[in-house]
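Secondary and tertiary structure notes
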Amino acid sequence: MTKHGFFQGIGVGVLAGAAIGMAVASAPSCGAEVRRMTRKAARTMDHMKDDLSDRMGF
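Rules of the game
Residues numbered from 1 in each chain as written. Predicted model: local features only at pLDDT ≥ 70, side-chain atom pairs only at ≥ 80, totals over all residues. Heavy atoms only, no water. Helix = DSSP H or I, 4+ residues; strand = E, 2+ residues; numbered from the N terminus. Buried < 20%, exposed > 50% of the residue type's maximum accessible area, 1.4 Å probe, protein only. Areas by Shrake-Rupley, 256 points an atom, 1.4 Å probe, with all protein chains shown as cover. Expected span 1.5 Å × (residues − 1). Phe/Tyr/Trp six-rings, centres within 6.5 Å; stacked < 30°, edge-to-face > 60°.

1. Some remarks on the overall build of the chain
Helices and strands together make up the secondary structure of the chain, namely two helices and zero strands. Within the chain, buried positions represent 12% of all 58 residues. Of the roughly 4400 Å² of accessible surface on the chain, 65% is carried by carbon and sulfur atoms.

2. A short note on helix α2 (residues 31-56)
The terminal C-alpha atoms of α2, which comprises 26 residues, lie 37 Å apart, in line with the 38 Å expected from a rise of 1.5 Å per residue. Positive backbone phi, approximately 85 degrees, marks Gly 57, located one or two places after α2.

3. So, the packing of aromatic side chains
Going through the model one piece at a time under the given rule, you end up with one aromatic pair. Measuring from ring centre to ring centre gives 5.5 Å for Phe 6 and Phe 7, while their planes differ by 70 degrees; the resulting arrangement is edge-to-face.

Shown next, in the form of structure tokens:
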């Protein structure tokens, strides 16, 4: 694995952890709300991953 791949993996892991942490910390009251928040967090994480990749030159 290259250095860039390693750092990209770290970045994606940090973003994933932050997105999941935000979803869990808000403690919604029903399953539908959890699913909605999880989808929103996944979309946000995907955008953040793309931005990070662009900034790192991948």
